[in-house]
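Examination of the molecular architecture
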Amino acid sequence: KAGVTQTPRYLIKTRGQQVTLSCSPISGHRSVSWYQQTPGQGLQFLFEYFSETQRNKGNFPGRFSGRQFSNSRSEMNVSTLELGDSALYLCASSLSTDSLTYEQYFGPGTRLTVT
Amino acid sequence: AQTVTQSQPEMSVQEAETVTLSCTYDTSESDYYLFWYKQPPSRQMILVIRQEAYKQQNATENRFSVNFQKAAKSFSLKISDSQLGDAAMYFCAYRSWAGNQFYFGTGTSLTVIP
């Protein structure tokens, strides 16, 4: 079974631009979560989607948004990029949110550099 | 909100020796999950071990084991017989019993010395 895939793997943008990152979860997984990883900050939760609905949202400005499609693929969008948005963006999928053995499987991440 | 603290930004261990990574968390919940994830350099994050808070027995996965102290809100990871492939960033994470949000610590970078 294929793992979580993220595209693109690397991205360079300039301040003020917008960017869209894509995540394809493991087949059958319905929950997709997004994280921002920066040195010293660890992983910070952005949002989580389940069956096309945003169920949880972290403490990020409205410039960060996301969506999930009927096939569970998810995209996140960052508008009006700032230098501080440079980070590794990780996507994680899980089978469901009701499982007692809930576990997240991570993708390789998208490395975003804002110049 | 729950917080997870990893007070050791960097650790090192000699190959074949044992190392313990620390993690503490803050929560008012009684039921939750705790996890240790490993992120090798330029590679995907993978789950190392998980612990359900209602279980008193500490989880073990081969050379990896945890010391879960619920009252102290402590969740340390012990790696026995360390191998070069254990070199990675290790993240401690917390998830509520009913919620879907994970809270991660800032990570501990483990170096294994040959």
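The present account deals with the structure reproduced in this document. A quick note: this is a predicted structure, and the numbers were derived from the prediction, not measured.

This paragraph deals with the sheet that holds strand 1 (residues 5–7) of chain A. Residues and elements named next belong to chain A. Pairing is antiparallel in the open sheet, where 4 strands are placed in the order 1-3-8-7. The sheet is open, and its two edges are formed by strand 1 and strand 7 (64–68), each paired on a single side. For this sheet the average axis-to-axis angle between neighbouring strands, irrespective of direction, equals 20°. In this structure, strand 1 lies alongside strand 3 (residues 19–24), joined through 3 bridges in antiparallel fashion. When the sheet's bridge partners are listed, Thr7 is paired in strand 3 with Ser22.

Residues and elements named next belong to chain A. The omega torsion across Thr7 and Pro8 is -10°, close enough to zero to call that bond cis. With respect to the helices and strands, the residue Pro8 is situated in the loop between strand 1 and strand 2 (10–13). Even without glycine at this site, Thr80 takes up a positive phi of about 45°. Looking at where Thr80 falls in the secondary structure, it is placed in the loop between strand 8 (74–78) and strand 9 (87–94).

Residue placement: Ile26(A) occurs in the loop between strand 3 and strand 4 (31–38). For the pair Ile26(A) and Ala2(A), spaced 24 residues apart in sequence, the C-alpha to C-alpha distance is 6.3 Å.

Considering all chains together, one arrives at 19 aromatic pairs over all chains under this definition. When the ring of Tyr25(B) is compared with that of Tyr94(B), the centres are 6.0 Å apart and the planes differ by 40°; the resulting orientation is tilted. With Tyr25(B) in strand 4 (residues 24–26) and Tyr94(B) in strand 10 (residues 88–96), the pair connects residues that are 69 residues apart, well separated along the chain. When its relative accessible area of 1% is taken as the criterion, Tyr94(B) is described as buried. Both rings, one in Phe68(B) and one in Phe75(B), keep their centres 6.3 Å apart while their planes meet at 80°; by these two values the pair is edge-to-face. Comparing Phe68(B) with Phe75(B) shows no difference in burial state: the two are buried. One aromatic cluster is present, built from ring pairs that chain together Tyr35(A), Phe45(A), Phe106(A), Tyr33(B), Phe35(B), Tyr37(B), Phe91(B), Phe102(B) and Phe104(B).

Turning our eyes to something else, we now look at the interface of chain B and chain A. Note: interface size is frequently given as the accessible area lost on complex formation between the parts. Contacts between the two partners involve 18 residues from chain B and, on the opposite side, 23 residues from chain A. Across the chain B/chain A interface, buried area totals approximately 1800 Å², and carbon plus sulfur atoms make up 51% of it. Run the count over chain B and chain A and you get 0 salt bridges. Among the secondary structure elements, those contributing two or more residues to the side of chain B that touches chain A are strand 5 (32–39), strand 6 (46–52), strand 10 and strand 11 (102–104) of chain B.

A few words now on the state of the cysteines. In a disulfide, the sulfur atoms of two cysteines are held together by a covalent bond. On inspection of all chains with the given rule, the structure shows 2 disulfides over all chains. Here Cys23(A) pairs with Cys91(A) through a disulfide, and the sulfurs are 1.7 Å apart. On the sign convention where negative is left-handed, the bridge of Cys23(A) and Cys91(A), at about -50° about the S-S bond, is left-handed. With Cys23(A) in strand 3 and Cys91(A) in strand 9, this pair connects stretches of sequence that are 68 residues apart. The exposure class of Cys23(A) is buried, given its relative accessible area of 0%. For Cys91(A), a relative accessible area of 0% gives the class buried. The disulfide bridge from Cys23(B) ends at Cys92(B), spanning 2.0 Å between sulfur atoms. Linking Cys23(B) and Cys92(B), the disulfide has an S-S dihedral of approximately -70° and is accordingly described as left-handed. Here Cys23(B), found in the loop between strand 3 (19–21) and strand 4, pairs with Cys92(B), found in strand 10; they are 69 residues apart in sequence, far enough to count as distant.

Thresholds applied
Residues numbered from 1 in each chain as written. Chains lettered and ligands numbered in written order. Predicted model: local features only at pLDDT ≥ 70, side-chain atom pairs only at ≥ 80, totals over all residues. Heavy atoms only, no water. Pairing = 2+ DSSP bridges. Helix = DSSP H or I, 4+ residues; strand = E, 2+ residues; numbered from the N terminus. Axes fitted to C-alpha atoms, helices over the stretch in contact; angles between N-to-C directions. Phe/Tyr/Trp six-rings, centres within 6.5 Å; stacked < 30°, edge-to-face > 60°. Buried < 20%, exposed > 50% of the residue type's maximum accessible area, 1.4 Å probe, protein only. Contact = heavy atoms within 4.5 Å. Buried area = accessible area lost by both parts, 1.4 Å probe. Salt bridge = Lys/Arg side-chain N within 4 Å of Asp/Glu carboxyl O. Disulfide = S-S within 2.5 Å.

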